[in-house]
Amino acid sequence: MARWCYRHRLVVLVLWVAALFGLGAAGTSAGTDYSNVFSLPDTDSKRAYDLMAKAFPQRSGDTDTVVWRSSGGVGSVTGTAVRSRIEPALKEIAGMRGVGEVVGPYDAQNAAQISRDGRTAFARITFTGQANGVSKDLVQKVVDTARGAERDGLQVELGGQAITRVQEPPTGVSEVVGIAAAAVVLFLAFGSLFAMLLPIVVAITGVGSGTMATMLLSHVTNVPEVAPLLGSLIGLGVGIDYALFIVTRHRRGIQRGLEPEESAVRALNTSGRAVLFAGGTVCIALAGMLVMNLRFLDGVVIATSLTVVLSVLAAVTLLPALLGLLGPRVLSRGQRRKLAAAGPDPVEASGPAARWSAYVQKRPRSIAAMALVVMAVLALPVLSLRLGATDQGNNQESTTTRQAYDLLAEGFGPGFNGPLQVVVPGGADTRELVRTIRATDDVAQAAAAPPAGGITVIQVVPKTSPQSVGTDRLIDRLRDDVIPEAGVEAHVGGVTAVFKDFASVTGDRLPYFVGAIIGLGFLLLLIAFRSLVVPLTAALMNLIAAAASFGVLVAVFQWGWGAEFLGIGKEGPITAFLPVIMLSLLFGLSMDYQVFLVSRMHEEWVHTGDNARAVRVGLAETSRVINCAALIMICVFSAFVLSGDMEGAMAGIGLAAAVALDAFILRTALVPAAMHLLGRSNWWLPGWLEGRLPHLAVEPAEPPADSPTRPGRKIRPGRKIRPDRNTGHDRNTGHIKNTGHIKNAEPIETVEPDKSGTGGATVVHGFLRTADGDPLAGASVTLVSRGGRQLDRVTSIADGSYIVSVPAPGAYTLAVTARGLASRAHHVTVGGGPLVYDVELTDDGAGLVN
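This write-up is about the structure you can find in this document. In this text the structure is predicted, and so the values were computed from the model without any measurement.

Concerning the packing of helix α7 (residues 173-190) against helix α8 (residues 193-217)
Step number 1: Between α7 and α8, the shortest axis-to-axis distance is 8 Å and the interhelical angle comes to 145°. The handedness of the crossing between α7 and α8 is right-handed. Where α7 abuts α8, its residues Ile179, Ala183, Leu186, Phe187 and Phe190 lie against Leu193, Ala195, Met196, Pro199, Ile200 and Ile204.
Step number 2: Taken together, the residues of the contact of α7 with α8 sort by class into eleven nonpolar, no polar and no charged.

With respect to the pattern of salt bridges
Step number 1: This structure, assessed with the given rule, holds 17 salt bridges.
Step number 2: Residue Glu262 pairs with Arg3 through a salt bridge whose shortest N-O separation is 3.5 Å. Here Arg3 lies in helix α1 (residues 2-7) and Glu262 lies in helix α10 (residues 260-287), a separation of 259 residues in the sequence.
Step number 3: On the basis of relative accessibility, which here comes to 21%, the residue Glu262 falls in the partly exposed class.
Step number 4: Looking at Arg3, the relative accessible area reads 31%, which means it is partly exposed.
Step number 5: For Lys46, the salt bridge identified is with Asp50, shortest N-O distance 2.9 Å.

Some details on the environment of Asp472
Step number 1: Summarising the element assignment, Asp472 is placed in helix α17 (residues 469-486).
Step number 2: Note: C-alpha distance between Asp472 and Asp501 (29 residues apart in sequence) is 9.7 Å.
Step number 3: Dropping the residues within four chain positions of it, Asp472 is found in contact with Arg386 and Lys500.

So, the packing of aromatic side chains
Step number 1: The tally for this structure, following the rule as stated, stands at seven aromatic pairs.
Step number 2: Measuring from ring centre to ring centre gives 5.3 Å for Phe122 and Phe412, while their planes differ by 80°; the resulting arrangement is edge-to-face. Of this pair, Phe122 sits in strand β3 (residues 120-127) while Phe412 sits in helix α15 (residues 400-412), placing them 290 residues apart in sequence. Both residues of the pair, Phe122 and Phe412, count as buried.
Step number 3: One aromatic cluster in this structure is built from Phe122, Phe412 and Phe416.
Step number 4: Above the plane of the ring of Tyr106 lies Arg83, whose end atom (NZ or CZ) is 4.4 Å from the centre.

What counts and how
Residues numbered from 1 in each chain as written. Predicted model: local features only at pLDDT ≥ 70, side-chain atom pairs only at ≥ 80, totals over all residues. Heavy atoms only, no water. Axes fitted to C-alpha atoms, helices over the stretch in contact; angles between N-to-C directions. Helix = DSSP H or I, 4+ residues; strand = E, 2+ residues; numbered from the N terminus. Left-handed = near helix turned anticlockwise from the far one by under 90°. Contact = heavy atoms within 4.5 Å. Nonpolar A, V, L, I, M, F, W, Y, C, P; charged D, E, K, R; others polar. Salt bridge = Lys/Arg side-chain N within 4 Å of Asp/Glu carboxyl O. Buried < 20%, exposed > 50% of the residue type's maximum accessible area, 1.4 Å probe, protein only. Phe/Tyr/Trp six-rings, centres within 6.5 Å; stacked < 30°, edge-to-face > 60°. Lys NZ or Arg CZ within 6 Å of the ring centre and 35° of its normal.

Taken by themselves, the reported measurements are silent on function.
Here's what the structure looks like:
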């Protein structure tokens, strides 16, 4: 498929552009129909909600509030100076098209809308539609009209869901800032404008199509308003990262001498496979939210999973087409000049990543201990995690919704912003229940509304704020003690009670959710890497990362550390549904990094059987791209602080912290240090389980066509490739070998054993034996360029076999050393395919069988 997309690039581009514009036109014309369904089946608040919906079906529109407060010499809010300014404004608002009703405080039956001190009053504005269906122009007219009544000594503020829409920053600000930051990181990483644009174009295409598709789906299923924001957040992150992994592999292939088309195909066949696997694991982790059986999360699963799927599809189809358009220009001019002048780059990684990898190998215990201490300290705040709901009291102080919230709390008590509704069905006498509720601790006031349809609603105002622990205790006291003692059937509802039930259900079901996604991740890694220890390590690291990231979340949003600096408003509880969403995204993204890191280690382990080398090489070759990808995700996620949505800001900060800790501490320090300490145990798998597991190739060795064994066959540690001693014919490769000995240190011209090679990277492999024909294990084999640069170094395994990587056809030096035997070097010329090269070591030198 990659080759077809590369060669038919114009067709692929046209199809993607048509799909994007088609979805955009359909989504724009259809509009959105997002709905926040927080009610939970089999909960007390859900039963209260259903009863109220039957009794008061006309109260379907969004209700917002206009609050005003007098001060100084203006006098009471009932005075002429205030009424002469407020009443005309309320009358004008009532006459606006789209406003259903305005209930002011100046009618006798609404006197409760004036505070006891006479300084604060409010009016309720009921729109004809839900908040997301009210036009911003109408909301802005309401705000302007109400605030136009202000004067010195008279403050007017507005609160409510519809009002929130006009104080949000312009749509797309967070996405644009995140993309701009990602572009800077990509340019610094690639040094090429064209290469920088590739991941961004792919991510924008995936997110754009996913957002438009979500808009259409909102008409056929319940999709919450926060779902497209979370879809954009995760889509931008994974879209850029997935394209980054593929482009990095493609550029590396060109720099090592491959033609652009062959390099693109191999990049998709290696990193592209890993992208498909990683994208699938993200979707599976997101689908794990369905275990919670919460209707609100169903729409989140749909929006985020759809965006991830489209981002992966863009990475494996659109990206090779774009690579075909660019050709060698995916490298910068300087890189192209260097390639032409100096030839292909060596295979062996070098630079800071390689030095860090070597340092981890030398000091695994100290690095592991330091990493664990850091993660443990960051995880400590999670012990005080409290789930709840954010409201407009958490908005920034400069917003009118926050000002209205504070004025109501000051004038009518902190519980006024989150009243409870005790719903009594069947027309029962509620007078005794009302008296009992009024006498209950932490109740500021309670009053029963006239019955409707046989349903009586008692409005209960707590003395504590909606987010207070005291309010939660009051709800429990009403349900467990007050209502049962009154001997009537009644249910406690209201927004505050709904969110309390939501937090309780989430907390009860969270262990099952975590167990499901960890178990599934363990199974996937077990199949992919044929190891029990690797998936166990990954599961433990995921739990450590989750604990530390939630610790950061609690410190910032619940304790308020740095909240003022970040401009995210007042501290409060963590939104109840956020742990589920964050854990899904975190486990999916952590799996991505684990797959990209360990797949390279596993590839090296299969070739050499040397765990230390496998971990060192895997970390050296992947840490740079993992850290670059993580930095991009951190930029994208952190930018969602600018979204104006508290849940979006929480998710952004939490995921940014999680990715930073996961990439910079866990994957580049703790995981490799632990794998060095575990040694060969990393790759242990019981024999009875090996035969029962299906085979799944996450990222085949590069290049797959140059394997020294016949197609479809891997060389595993301990597996012998047996040569025929009489004829020199290798039964596994089919190569014919000359059995004559070659003089020491004499240049050797070898015949190309395979003319089907592509001219790119290949290998030299063979056996090391003593003069008696015994396998020589533990000998060191080093491949050195003619300029003296070490390209690869391996240790022969139990049967004496070895494999060294060769970057490209040419002349090299192969050095063999073993304890107790003379060390010698041989000059070899490698052709276009893998070279079989057996070495016999003696006390006085080395002989060659080729």
